[in-house]
Amino acid sequence: MYFERVENYLSELGYTISYQDRKEGIFCIDSEEDGIKNLIIGVAPPILILEQFIFSLQSDDKEILKSLLIKNRDIIHGAFVLDEKGEKVIFRYTLQIEHLDINELEGALNSLGLLLSEYYEQILEFSKKQRL
């Protein structure tokens, strides 16, 4: 029920679904114009989880981590997080799924696109710094 609802919303909003696994409740979507690539959407009642990989973290760079935490304060919904190993910076957004409507999902996806467009220069700088 929830999986189909999310699938319909994504299609209606014009997102490209590059992968889906109904059994696991997972979608992977792309939107080139929004800078979204391989965004993972997990249908895990009672929540819907959106996770976008941002960059790999090779070291515990205090300045990068501090900048991400400061930026989290500006983000209305969602946040920058680290994966369980502390090696990947991910943008994570969660929504309640029971009463999810298309406007709410669209707002979440637009929020991510806006964040990426406003903050991309710093993200690129962080990513480059981690490769050195």
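In this text, all values refer to a predicted model and were calculated from it rather than measured experimentally.

This structure, assessed with the given rule, holds three salt bridges. Across the pair R22 and E4 runs a salt bridge whose closest N-O atoms are separated by 2.8 Å. Here R22, found in the loop between strand 1 (16–21) and strand 2 (26–31), pairs with E4, found in helix 1 (residues 2–12); they are 18 residues apart in sequence, far enough to count as distant. Salt-bridge contacts for E51 lead to R92; the nearest nitrogen and oxygen are separated by 2.5 Å. Here the residue E51 occupies a position in strand 4 (residues 47–56), and R92 occupies one in strand 6 (residues 88–96), the gap between them amounting to 41 residues. Look at E51 and you get partly exposed, because its relative accessible area is 25%. Owing to a relative accessible area of 30%, R92 belongs among the partly exposed residues under this scheme. A cluster of three or more residues bridged by salt bridges with shared partners is formed by E4, E7 and R22.

L48 and L50 are the most contacted members of the largest nonpolar core, which has 36 residues in total. Counting residues per element, this core draws most heavily on helix 3 (residues 102–131), which supplies nine residues.

For the protein chain, the average pLDDT comes to 92, and 98% of its residues sit at 70 or higher. Looking over the protein chain, one finds the lowest element-wise mean pLDDT in helix 3, namely 87, and the highest in helix 1, namely 97.

A few words now on the pairing of strand 2. The two faces of the sheet receive side chains in turn, since in a regular strand these alternate between them. Counted residue by residue, strand 2 has five buried out of six residues, so it is predominantly covered. With five bridges connecting them, strand 1 and strand 2 associate as antiparallel partners. Bridge pairing in strand 2 places T16 opposite D30. The hairpin turn running from strand 1 into strand 2, its antiparallel successor, is four residues long, and G25 in that turn takes a positive phi close to 70°. The loop that links strand 2 with its antiparallel partner strand 3 (residues 36–44) comprises four residues; one of these, G35, has a positive phi angle of about 75°.

Basis of the calculations
- Residues numbered from 1 in each chain as written.
- Predicted model: local features only at pLDDT ≥ 70, side-chain atom pairs only at ≥ 80, totals over all residues.
- Heavy atoms only, no water.
- Salt bridge = Lys/Arg side-chain N within 4 Å of Asp/Glu carboxyl O.
- Helix = DSSP H or I, 4+ residues; strand = E, 2+ residues; numbered from the N terminus.
- Buried < 20%, exposed > 50% of the residue type's maximum accessible area, 1.4 Å probe, protein only.
- Core = buried A, V, L, I, M, F, W, Y, C linked by side-chain atoms within 4.5 Å.
- pLDDT = per-residue confidence, 0-100.
- Pairing = 2+ DSSP bridges.

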